[in-house]
Amino acid sequence: MEKLDKIISSAVPMPIEDVDTDQIIPARFLKAVSKDGFGENLFRDWKYRQDGTKVNDFVLNNDTYSGKILVAGRNFGCGSSREHAAWALADYGFRVVISSFFADIFRGNALNNGILPLQVGQQTLDEIFKAIESNPKITLEINVEKQTLQFNDQSVTFNIDPYKKVCLINGYDDIDYLLSIKDDIESFEINRVFSL
């Protein structure tokens, strides 16, 4: 995975609550087993009408907004446990999703695919939406090591599982992490054998 230690980017605002995984990536696009190509169908049914024409007022079709950060309403990623939702967000180019609440399974899937699900309080989320509305090109700065989010003159801290923090910063999946501590594992095994 690509390392995610610090990111400075503009953001895409989507102040919609209870966005479920079927809205993120509709079930009819789940036939592939490779992670590639899912981004083009991210929020497909919101981006396009049934006849294939663009929905011009949907935020991903609006050139005013861009960036590697999606700012979403409360309860993002609810619904089914499909990992394809994280695949679609990552393939589209999002590295961070900010919300005031994430579904647990989505949180895990996002972290396993190099996306930071950054949870903030509702007041902070509302302030981020207002800041983007005032200036669509505003940049947010996220430091995973320090666990901070900065925008305008504000700085807030966020929580992250320590193990997943190490994985994000180093670009590790679970196997990469185990390989990174291979010497420690071998030493433990040798010592365990001799202590029996």
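Residues numbered from 1 in each chain as written. Predicted model: local features only at pLDDT ≥ 70, side-chain atom pairs only at ≥ 80, totals over all residues. Heavy atoms only, no water.

Draft legend 1. How the structure looks around the overall build of the protein. Helix and strand content of the protein: eight helices and eight strands. Seen through its principal axes, the protein has C-alpha atoms that stretch 70 × 45 × 25 Å. Counting the 196 residues in the protein, one finds 43% classified as buried. Look at the contacts in the protein between residues 6 or more apart in sequence, and 66% of them connect residues 24 or more apart. Total accessible area on the protein is roughly 10,700 Å²; 48% of this is exposed by carbon and sulfur atoms. (Helix = DSSP H or I, 4+ residues; strand = E, 2+ residues; numbered from the N terminus. Buried < 20%, exposed > 50% of the residue type's maximum accessible area, 1.4 Å probe, protein only. Contact = heavy atoms within 4.5 Å. Areas by Shrake-Rupley, 256 points an atom, 1.4 Å probe, with all protein chains shown as cover.)

Draft legend 2. Inspection of the side chain of S99 at higher detail. Structurally, S99 can be placed in strand β4 (residues 96–99). At 2.7 Å, the side chain of S99 forms a polar contact with the backbone oxygen of G73. Leave out the neighbours within four places in its chain, and S99 touches A72, G73, R74, N75, F76, L118, Q119, V120 and L125. (Polar contact = N/O pair within 3.5 Å; in protein donor to acceptor, adjacent residues only side chain to side chain.)

Draft legend 3. Broad picture of the side chain of Q147. Inspection of the secondary structure puts Q147 in the loop between β6 (140–143) and β7 (148–151). There is a polar contact of 2.8 Å between the side chain of Q147 and the backbone oxygen of F158. Q147 has contacts with V156, T157, F158, N159, I160 and K165, leaving out every residue within four places of it along the chain.

Draft legend 4. The sheet that holds β7, seen in detail. Reading across from one edge, β1-β6-β7-β8 is the order of the four strands in this open sheet, with antiparallel pairing throughout. The sheet is open, and its two borders are formed by β1 (6–9) and β8 (154–157), each paired with just one other strand. Strand after strand, the sheet turns through a mean of 15° between neighbouring axes, direction not considered. Sheet topology places β7 next to β8; four bridges connect them, and they run antiparallel. Each residue of the ladder has a partner; that of F151, found in β8, is Q154. Contacts from helix α5 (residues 122–134) reach β6, β7 and β8, with the element oriented near 35° to β7. (Pairing = 2+ DSSP bridges. Axes fitted to C-alpha atoms, helices over the stretch in contact; angles between N-to-C directions.)

Draft legend 5. Main features of the pairing of β7. Pairing between β6 and β7: three bridges, direction antiparallel. Opposite I142, over in β7, you have L149 as the bridge partner. Here β6 folds back onto β7, and the loop between the two strands holds four residues, one of which, Q147, carries a positive phi near 60°. Between β7 and β8, which pair antiparallel in sequence order, lie two residues; one of them, N152, sits at a positive phi of approximately 50°.

Draft legend 6. Structural detail: the environment of D174. With respect to the helices, strands and loops of the structure, D174 is situated in helix α7 (residues 174–180). C-alpha of D174 to C-alpha of N112: the two residues are 62 residues apart in sequence and 8.1 Å apart in space. Residues contacting D174, with those up to four places away along its chain left out, are Y163 and K164.

Draft legend 7. Here's a closer look at α5. Its 13 residues give α5 an end-to-end C-alpha distance of 18 Å, which sits within 8% of 18 Å, the value for a rise of 1.5 Å per residue. Among the residues of α5, T124, L125, I128, F129, A131 and I132 are the ones counted as buried. Seen from one end, α5 has its buried residues packed into an arc of 160°, which puts them on one side. For α5, the exposed residues set more than 90 degrees away from the buried face come down to Q123, K130, E133 and S134. Here the buried face of α5 lies against β2 (11–14), β3 (69–72), β4, β6, β7 and β8. (Expected span 1.5 Å × (residues − 1). Arc of directions from axis to C-beta.)

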